[in-house]
Amino acid sequence: MTKIQPGGTIGILGGGQLGRMIALAAANLGYKCHIFCPEENSPAFHVAYTHTVADYTDQDALKAFAESVDVITYEFENIPAETAEFVAKIKPLRPGVQALSLTQDRLTEKEFLNDAGVQTAPFMAFETEEELLAAYKKIGHPAVAKTRRFGYDGKGQAMVKSKLDFDDVLAVTKGTPAILEGFVQFDREVSVIVARSVSGDVAAFPVGENVHTNHILDTTTIPANVSERLEATAKVMATKVANALDYVGVMAVEMFVNDDSGEIVVNEIAPRVHNSGHWTIEGAETSQFEQHVRAICDLPLGQTAARGKVLMKNLLGKDILEHEKYLDDPKASYHHYGKQEPREGRKMGHVTWVDSE
Ligand code: AMP
């Protein structure tokens, strides 16, 4: 049975804000959510039908969780591959194990993208100083060194302007598998949120333009300041990736754009709903969260058009304490993720403005 009818139960691995917003969208369509997360008091627990607090390696808890739901998804890509494989034997896991394991490793991810005919920055794997030197000679400089696994928001990365930076690089990678990537001279960063259903239907949202501060997403703007041709190319690239992965659900494809050359390369893909798609909640005909639920339950995909010009701004750390400023603004839609401690850089909420005139 591929179709999960409203009234069914969706299992979500991971209990952060993405799981929370999936659960809210799922509830609107009549689904119950069961969240599985190792941390007590996770943001998604507050809005879901039920939850399990257990480690991702706890097979008894995973089995009980999987047996209690109709379909399983994840909101966090560092779920151990063994956990994904284990639950996938009990209930459909969407997106599947392949999408998760490929994107957990920057090397396999980039090799997959290139094989699918999608351009990335040039890259080469290394572990030791000797291999780093070989990669440096091949890739040239400036370049960016990145650990292959567990990097996000700029963590596990170091710039390589010359050989003098090798010590810094090795201090970051600590002898673990890494890649050296050519530095892309880009003018803007964009992302495409694309959905693919069990039946193979694909729908891409309008391209969003992303600004990062200290490697963390600050704002997403719709429409992106790119030509119509580039907008279309970006969507085609994202569709290619989703099809090549035989993907089910919503995914984000992040890209670098060079205005002069019109060149566009993929930086990374996230096999899940994404921060740069939060604007869709108020700003698009269907939100990325509802779209994800539709895709994994094999319902028809929703319309993706924007409802106007849209700006989404993340509220990090203490930004969240200024809620009255946003609640007083008649144009602003304010989101608080229910997290207690406003630690520096922590994603606490976001605000969206839609200008439909
Ligand atoms: P990532 O963790 O791969 O998303 O990288 C975080 C940020 O570092 C990106 O959003 C870019 O701003 C920058 N960055 C990463 N890789 C490159 C690259 N190859 N060339 C230029 N900038 C990069």
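Since the structure is predicted, the reported quantities are computational estimates derived from the model, not experimental observations.

*Asks:* Would you mind going over the site of the ligand in detail, with residue names and values included?
*Replies:* Not every one of the 15 residues close to the ligand is listed here, only the nearest: Lys 146, Gln 157, Glu 181, Val 184 and Glu 189. In this structure, an oxygen atom belonging to the ligand sits 2.7 Å away from a side-chain N or O atom of Gln 157. In this structure, Glu 189 approaches the ligand through a side-chain N or O atom, which is 2.6 Å from an oxygen atom. Relative to its unbound accessible area of 480 Å², the ligand is 92% covered by the protein chains. When its residues are assigned to classes, the shell around the ligand shows five nonpolar, five polar and five charged. Here the shell around the ligand spans two domains, since at least three of its residues come from each of domain 2 (122-182) and domain 3 (188-355).

*Asks:* I'd like a rundown of the packing of aromatic side chains, residues and numbers included.
*Replies:* A full pass over the atoms with the stated rule returns eight aromatic pairs. Seen in terms of ring centroids, Phe 205 and Trp 279 are 6.2 Å apart; in terms of plane orientation they differ by 85°. Their pairing is edge-to-face. Placement of Phe 205 in the loop between β10 (202-204) and β11 (208-213) and of Trp 279 in the loop between β14 (264-270) and α9 (280-283) is noted, with a sequence separation of 74 residues between them. Residue Phe 205 shares its accessibility class with Trp 279, and that shared class is buried. When the centroid spacing of 6.1 Å and the interplanar angle of 70° are considered together, the rings of Tyr 326 and Trp 353 count as edge-to-face.

*Asks:* Got a sec to walk through the side chain of Glu 189? Specific residues and values, please.
*Replies:* For Glu 189, the location among the structural elements is in strand β9 (residues 188-196). Lys 146 is the oppositely charged side chain nearest to the buried, salt-bridge-free Glu 189, at an N-O distance of 8.5 Å. Contacts of Glu 189, omitting those with residues within four sequence positions, involve Gly 208, Glu 209, Asn 210, His 212, Met 255 and Phe 256.

*Asks:* Talk me through the nonpolar core; I want residue IDs and the actual numbers.
*Replies:* Membership of the largest hydrophobic core comes to 43 residues, with the highest contact counts inside it found for Leu 13, Leu 245, Met 251, Met 255 and Ile 269. Element by element, the count of residues in this core is highest for helix α8 (residues 228-244), at six residues. Both domains that meet at this core, namely domain 1 (9-93) and domain 3 (188-355), each give it at least three residues. When residues no more than four places from it in sequence are discounted, the contact partners of Leu 13 are Phe 36, Tyr 56, Leu 62, Phe 65, Ile 72, Thr 73, Tyr 74, Glu 75, Phe 76, Ile 79, Val 87 and Leu 93. Core analysis: the next-biggest nonpolar cluster, separate from the first, contains 41 residues, Ala 25, Ile 222, Val 250 and Leu 299 among them.

*Asks:* Got a sec to walk through the sheet that holds strand β3 (residues 50-53)? Specific residues and values, please.
*Replies:* Pairing within the open sheet is parallel, and its four strands lie in the order β3-β2-β1-β4. Each end of this open sheet is capped by a strand with a single partner; those strands are β3 and β4 (71-74). Ignoring strand direction, the axes of neighbouring strands in this sheet form an average angle of 20°. Here strand β2 (residues 32-37) runs beside β3; their pairing, made up of four bridges, is parallel. Bridging across to β3, Cys 37 finds its partner in Val 53. Sheet strands in contact with helix α2 (residues 59-67) are β1 (9-13), β2, β3 and β4, and its direction is about 170° off that of β2.

*Asks:* Report on the domain arrangement of the protein chain, specifying residues and quantitative values.
*Replies:* One frequent convention defines the size of an interface as the accessible area lost when the parts assemble. Taken domain by domain, the protein chain consists of domain 1 (9-93), domain 2 (122-182) and domain 3 (188-355). Placing a centre on the C-alpha atoms of domain 2 and another on those of domain 3 gives a separation of 29 Å. Between domain 2 and domain 3, the contact holds five residues from the first and four residues from the second. At the boundary of domain 2 with domain 3, total buried surface from both sides reaches about 320 Å², with 37% on carbon and sulfur atoms. For the side of domain 2 that touches domain 3, a count of residues per class yields no nonpolar, two polar and three charged.

*Asks:* So what's going on with the environment of Thr 239? Which residues, and what values?
*Replies:* The topology assignment puts Thr 239 in helix α8. Sequence separation of Thr 239 and Ala 195 is 44 residues, and the distance between their C-alpha atoms is 8.5 Å. If we skip the residues at most four places from it in the chain, Thr 239 touches Val 194 and Val 202. In this structure the side chain of Thr 239 is engaged in a polar contact, spanning 2.8 Å, whose partner is the backbone oxygen of Lys 235.

What counts, and where the lines are drawn
Residues numbered from 1 in each chain as written. Predicted model: local features only at pLDDT ≥ 70, side-chain atom pairs only at ≥ 80, totals over all residues. Heavy atoms only, no water. Near = heavy atom within 4 Å. Polar contact = N/O pair within 3.5 Å; in protein donor to acceptor, adjacent residues only side chain to side chain. Areas by Shrake-Rupley, 256 points an atom, 1.4 Å probe, with all protein chains shown as cover. Nonpolar A, V, L, I, M, F, W, Y, C, P; charged D, E, K, R; others polar. Domains from an automatic or database assignment. Phe/Tyr/Trp six-rings, centres within 6.5 Å; stacked < 30°, edge-to-face > 60°. Helix = DSSP H or I, 4+ residues; strand = E, 2+ residues; numbered from the N terminus. Buried < 20%, exposed > 50% of the residue type's maximum accessible area, 1.4 Å probe, protein only. Lys, Arg positive; Asp, Glu negative; His and termini not counted. Salt bridge = Lys/Arg side-chain N within 4 Å of Asp/Glu carboxyl O. Contact = heavy atoms within 4.5 Å. Core = buried A, V, L, I, M, F, W, Y, C linked by side-chain atoms within 4.5 Å. Pairing = 2+ DSSP bridges. Axes fitted to C-alpha atoms, helices over the stretch in contact; angles between N-to-C directions. Buried area = accessible area lost by both parts, 1.4 Å probe.

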